[in-house]
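Tertiary structure, described
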Amino acid sequence: MVVVNSSTSPKFSLDKMLTSKRAVYIFPIITAIVVFVLWEVIVRVFGIAEFVLPAPSAIFAEIPQWGGPVLKNAWTTLFTTLVGFGIALVMGVLMGFAIGYSKLASLTLYPLLIGFNTIPKVALVPLMSIWFGIGAVPAVITAFLLAVFPIAVNVASGLATVESEMQDVLVALGANRFEIFQKVGLPHTMPYLFASLKVAISQAFIGSVIAETVASDGGIGYVILSASSNFNVSLAFLALLALAVMGVALYSIFVMLEKRFVHWV
Amino acid sequence: MVEHVSRQVSPQVTTPTALEFRDVGLTYDVSGSPMPVIENVSFKISQSYFVSVVGPSGCGKTSLLRMISGLNPVKQGTVYFHGEPINKPLQSVGIAFQNPVLLPWRNTINNVLLPLEIVPAHKKKLKSQKARYIASAQELLSTVGLKDFQTYYPWQLSGGMKQRASLCRALIHNPEILLLDEPFGALDAFTREEMWEMLQRLWVRSQCTSVLVTHDLREAIFLSDTVYVMGQRPSQIVYTLKVDLPRPRTLDMCFTPEFQRMYSELRQYIQRN
């Protein structure tokens, strides 16, 4: 009998790599490297001026001089973002529960929330700088405003989509409303909550940076604005990169938390 | 099981009535005009008996079950449980639906233990006697062949396995009444027949009064002591079939002339109405 052992011979397999554990690190890193290389090549081949689009090499060349200040301001942005996001998490969950459980809240709070979400937050920042002055407060509030909506809406729809038979099983045993919430409503909502957190954290970053470009004397948004006004486009890009790295890092943290807490999805 | 066989021999008068429907009706309000669904349904179910309700879809079978469980209020007539009118959820009820509705975030054993976290009599003791409760859940799971699947999550189980776990959940708190709303409706024919035998075992073991709503006439005959046939809307009970087949019943019995006779009898009544 002839045994065909071609499958056992070492051979590059994309499918195998995609499903391996390290794939979640390897592929994003490869992507980043490819993007930077392409970028570098395009800038050099077409001879694009640095103040129009700096090459990655030019951006990284700013690190010795500006790495420290960018890091310091990144820290400011991270802080305001997380504070705004934290408030949005608490308020969003509370509003979501209210909307999901109370007909009154869903008829009053929900339209208000949707109406408010339609307002571009960038239009509110100048107003906030009048009310709260320049600094961290407008950034925290803008981060909160952008992050709260997806959280509230997702939590509300999580509660609204609990199968009625699942509740019937508990009601027939004499469970009270709190027990039904604790055993069914809350866990059922968790996947919805985590899905919204991944969106909300990016939104919170956007909120902070918007506010910093208008009403702040620190943070990544401020760095971008002042670097551009000094025609130091490479520095502006360095700040943008720092922002993107923070965004990816926090997103990854939420993905890990999600895997841990909503393992059944 | 011996106990059970002897119970079959003794006449019904000696067993107390567990459930009684007296002049029960149900009317839906369809955009302002009343539509009667059930009219004047009266029957008694003796304790530890297995009863099925069959009938065309939309005849209110499920509503009858939900009235017993207390999930739906009884507005016309009365449903009695041991002589007391039912007006709120009874805690001594176990329910299984066509959809097994296991909680996806709990593994099999924790799904089965769920009722014990709710029913007050067990809730208090759950912490101090956890090991005993887990042991009884494990025993129940091994009766239905899920011994090795305790730590599996619902998405890792087949349809039949989920339904078996759902039945275990319905029985873990030793309910006096077991309500089954087409529990095997979504399963394939082979699995369904396996489930009949398994359900019979569980019922013999638990001795609880059981009410099964089904579309499957063979299922009804196989499992029941009495089969009630409901007619078209507004429905009443149009026929009552006493099934005298000895227990434990086997799938082979489905091919006996006696079984076939009962089957065609039921069919006639379903079609005539």
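Scoring rules and cut-offs
Residues numbered from 1 in each chain as written. Chains lettered and ligands numbered in written order. Predicted model: local features only at pLDDT ≥ 70, side-chain atom pairs only at ≥ 80, totals over all residues. Helix = DSSP H or I, 4+ residues; strand = E, 2+ residues; numbered from the N terminus. Rg over C-alpha atoms; globule rule 2.2 N^0.38 Å. Buried ≥ 20, exposed ≤ 12 C-beta atoms within 10 Å, placed from the backbone. Contact = placed C-beta atoms within 7 Å. Axes fitted to C-alpha atoms, helices over the stretch in contact; angles between N-to-C directions. Parallel < 35°, antiparallel > 145°, perpendicular 65-115°, else oblique. Left-handed = near helix turned anticlockwise from the far one by under 90°. Nonpolar A, V, L, I, M, F, W, Y, C, P; charged D, E, K, R; others polar. Pairing = 2+ DSSP bridges. pLDDT = per-residue confidence, 0-100. Core = buried A, V, L, I, M, F, W, Y, C linked by C-beta atoms within 7 Å.

All right, on to the overall build of chain B then. The helix and strand inventory of chain B stands at nine helices and ten strands. In terms of overall size, chain B behaves like a compact globule, its C-alpha atoms giving a radius of gyration of 19 Å where 273 residues would be expected to give roughly 19 Å. With the C-alpha coordinates aligned to their principal axes, the bounding extent of chain B is approximately 50 × 45 × 40 Å. A buried classification covers 38% of the 273 residues belonging to chain B. Of the contacts made within chain B by residues no fewer than 6 positions apart, 72% connect residues no fewer than 24 positions apart.

So, about the overall build of chain A. Along chain A, the regular secondary structure elements total eleven helices and zero strands. Going from the N terminus to the C terminus, chain A shows its helices and strands as α-α-α-α-α-α-α-α-α-α-α. The C-alpha radius of gyration of chain A comes to 24 Å, more than 25% above the 18 Å expected for a compact globule of 265 residues. For chain A, the C-alpha atoms occupy an extent of roughly 85 × 75 × 25 Å along the three principal directions. Across the 265 residues of chain A, 35% fall into the buried class.

On to the packing of helix 4 (residues 63–101) of chain A against helix 5 (residues 103–118) of chain A, then. Residues and elements named next belong to chain A. Packing of helix 4 against helix 5 leaves a shortest axis separation of 7 Å and a crossing angle of 135°. Of the possible angle classes, the one that applies to helix 4 and helix 5 is oblique. Crossing hand, helix 4 versus helix 5: left-handed. Two secondary-structure elements touch here, helix 4 through Met 95, Ala 98 and Ile 99 and helix 5 through Ala 105, Ser 106, Leu 109, Tyr 110 and Leu 113. Tallied by class, residues from the contact of helix 4 with helix 5 come to seven nonpolar, one polar and no charged.

Attention now goes to the interface of chain B and chain A. Listed per partner, the contact involves 19 residues of chain B and 16 residues of chain A. Of the residues in the side of chain B that touches chain A, the class split is 15 nonpolar, four polar and no charged.

Another aspect to go through is the sheet that holds strand 8 (residues 209–214) of chain B. Residues and elements named next belong to chain B. Strand order across the open sheet formed by six strands is 6-7-8-3-9-10, with mixed pairing between neighbours. Edge strands, defined here as strands with exactly one partner in the open sheet, are strand 6 (93–96) and strand 10 (237–242). Shown here is a sheet whose adjacent strand axes are inclined to one another by a mean of 15°, direction ignored. Lying on the sheet, helix 6 (residues 159–171) is in contact with strand 6 and strand 7 (177–181); it crosses strand 6 at an angle near 165°.

With that out of the way, let us pick up the environment of A:Leu225. Mapped onto the elements of the fold, A:Leu225 is located in helix 10 (residues 220–229). Along the chain, A:Leu225 and A:Thr213 lie twelve residues apart, while their C-alpha atoms are 6.0 Å from each other.

Once that is clear, we can look at unusual backbone geometry. Residue and element names in this part refer to chain B. Note the cis peptide between Arg 233 and Pro 234, where omega equals -15°. Tracing the backbone shows Pro 234 in the loop between strand 9 (226–230) and strand 10. Each neighbour pair has its own omega, and for Arg 247 with Pro 248 the value is -5°, a cis peptide bond. Considering the arrangement of structural elements, one finds Pro 248 in the loop between strand 10 and helix 9 (257–272). If you check the backbone angles, Asp 23 has positive phi at about 50° while not being a glycine. Checked against the element boundaries, Asp 23 lands in strand 1 (residues 17–30). Overall, Asp 23 belongs to the exposed group, with 11 C-beta atoms counted inside 10 Å. A positive phi is found at His 82, a non-glycine position, where the angle reads about 50°. Structurally, His 82 can be placed in the loop between strand 4 (76–81) and strand 5 (84–85). When the 12 C-beta atoms within 10 Å are taken as the criterion, His 82 is described as exposed.

The next thing to look at is the confidence of the model for chain A. Residue-level pLDDT values for chain A average 90, and 96% of them are 70 or greater. The least confident element of chain A is helix 1 (residues 14–19) of chain A, whose mean pLDDT is 80; the most confident is helix 4 of chain A, at 95.

Residue and element names in this part refer to chain B. Spatially, four strands are ordered 2-1-4-5 in an open sheet, and the strand pairing comes out antiparallel. The two strands at the open ends of the sheet, each matched to only one other strand, are strand 2 (33–46) and strand 5. Here strand 1 pairs with strand 2 via ten bridges, running antiparallel. Each residue of the ladder has a partner; that of Glu 20, found in strand 2, is Lys 44. Against the sheet, helix 2 (residues 61–69) contacts strand 1, strand 2 and strand 4, and its axis sits at roughly 120° relative to strand 1.

For the rest of this paragraph, the subject is the nonpolar core. B:Cys168 and B:Leu179 are the most contacted members of the largest nonpolar core, which totals 82 residues. In terms of residue count, the dominant contributor to this core is helix 6 of chain B (six residues). The next biggest cluster of nonpolar side chains, apart from the first, holds 52 residues, and it includes A:Met128, A:Val140, A:Phe205 and A:Ala211.

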